[in-house]
Amino acid sequence: MRDNEMLEKEEIFSKVLRAGRRTYFFDVRSTKADDYYVTITESKKFTEEDGSFHFKKHKIYLYKEDFTSFKEILNEMTDYVLEQKGEEVISERHQKDFKRELADAKSFTNVEFDDF
C-alpha cells in the first residue's frame, strides 16, 4: 500500500456535494498520529464519443494550522465573486450544446424611415 493510501485509510466524517458533472467530497481523516485533517476532492465525469466515461479527480489536503487563513481567503474570494457577478449561473454558456437565445424582437426600438 502506498504512503498516501495509508494516510487516508482512516475516514472520520464525510459530506458530498453533487454539482452537475462535478462531485465534491469533503472528508475528515486521521493521521498515523491520530490528528485530523480535511481532504477536498473534486471528481468530474468525462464522457467519450463511444459512450464510455472516466473521472478526473483533484484533491486538496487541508491541515488544522491552515484552517483559519483558508476560511478567511475562501470567504473573501466567494464574497468578491458574488459582489462582482451576482449569483446568476452562466457556466452553461461554456457547454458544447449551449444555444444562445436570440433577443426578443419586442426589446428593439421601432424606428421609422421618417425619423431620419
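Up top is the structure these notes are about.
Note that the structure is predicted; figures quoted are calculated from it, not measured.

Draft legend 1. Layout of the side chain of Ser 43. Turning to its location among the elements, Ser 43 is positioned in strand β3 (residues 36–47). Looking at Ser 43, the relative accessible area reads 5%, which means it is buried. Excluding residues that lie within four positions of it along the chain, Ser 43 makes contacts with Arg 21, Arg 22, Thr 23, Phe 25, Phe 55, Lys 56 and Lys 57.

Draft legend 2. How the structure looks around a nonpolar patch on the surface. Side chains of Ile 12, Phe 13 and Tyr 36 sit close together on the surface and give an oily, nonpolar patch of about 290 Å² of accessible area. Residue Ile 12 is classed as partly exposed on the basis of its relative accessible area of 36%.

Draft legend 3. Looking closely at the environment of Ile 12. One can find Ile 12 in strand β1 (residues 10–19). When the C-alpha atoms of Ile 12 and Val 28 are compared, they prove to be 5.3 Å apart, with 16 residues separating the residues in sequence. The contact partners of Ile 12, leaving out residues within four places of it in the chain, are Val 28, Arg 29, Ser 30 and Tyr 36.

Draft legend 4. Broad picture of the packing of aromatic side chains. Counting across every chain of the model gives 3 aromatic pairs. Judged by centre distance (5.7 Å) and plane angle (85°), the rings of Phe 53 and Phe 55 are edge-to-face. What makes Phe 53 partly exposed here is its relative accessible area of 48%. On the basis of relative accessible area, Phe 55 is assigned to the partly exposed category, the value being 46%. Taken together, the ring pairs connect Tyr 37, Tyr 61 and Tyr 63 into an aromatic cluster.

Draft legend 5. Molecular detail of the pairing of strand β4 (residues 53–63). Where β3 lies against β4, 11 bridges are found, and the strand directions are antiparallel. The residue of β4 that forms the bridge with Lys 44 is Lys 56. Counted between consecutive antiparallel strands, the loop separating β3 from β4 contains 5 residues, among which Gly 51 sits at a positive phi close to 95°.

Draft legend 6. The environment of Ser 52, seen in detail. Considering the arrangement of structural elements, one finds Ser 52 in the loop between β3 and β4. Note on Ser 52: relative accessible area 32%, which makes it partly exposed. With residues up to four places along the chain from it excluded, the contact list for Ser 52 reads Phe 46 and Thr 47. There is a polar contact of 2.6 Å between the side chain of Ser 52 and the side chain of Asp 50.

Draft legend 7. Region of the structure containing helix α2 (residues 67–85). The end-to-end C-alpha distance of α2 is 27 Å, a good match for the 27 Å that 19 residues give at a rise of 1.5 Å each. At the exit of α2 stands Gly 86, carrying a positive phi of roughly 70°.

Draft legend 8. Just a negative patch on the surface, in detail. Among the surface-exposed residues, Glu 72, Glu 76, Asp 79 and Glu 83 lie close enough to one another that they form a single negatively charged patch. With respect to the element layout, Glu 72 can be found in helix α2.

Draft legend 9. View of the pairing of strand β2 (residues 22–30). Two elements, β2 and β3, share 9 bridges in a ladder whose sense is antiparallel. Bridge pairing in β3 links Phe 26 to Ile 40.

Rules used throughout
Residues numbered from 1 in each chain as written. Predicted model: local features only at pLDDT ≥ 70, side-chain atom pairs only at ≥ 80, totals over all residues. Heavy atoms only, no water. Helix = DSSP H or I, 4+ residues; strand = E, 2+ residues; numbered from the N terminus. Buried < 20%, exposed > 50% of the residue type's maximum accessible area, 1.4 Å probe, protein only. Contact = heavy atoms within 4.5 Å. Patch = residues over 30% accessible without salt bridge, like charges linked within 9 Å, V, L, I, M, F, W, Y side chains within 5 Å. Areas by Shrake-Rupley, 256 points an atom, 1.4 Å probe, with all protein chains shown as cover. Salt bridge = Lys/Arg side-chain N within 4 Å of Asp/Glu carboxyl O. Phe/Tyr/Trp six-rings, centres within 6.5 Å; stacked < 30°, edge-to-face > 60°. Pairing = 2+ DSSP bridges. Polar contact = N/O pair within 3.5 Å; in protein donor to acceptor, adjacent residues only side chain to side chain. Expected span 1.5 Å × (residues − 1). Lys, Arg positive; Asp, Glu negative; His and termini not counted. Charge placed at Lys NZ, Arg CZ, Asp CG, Glu CD.

The values are spatial; any link to function lies outside them.
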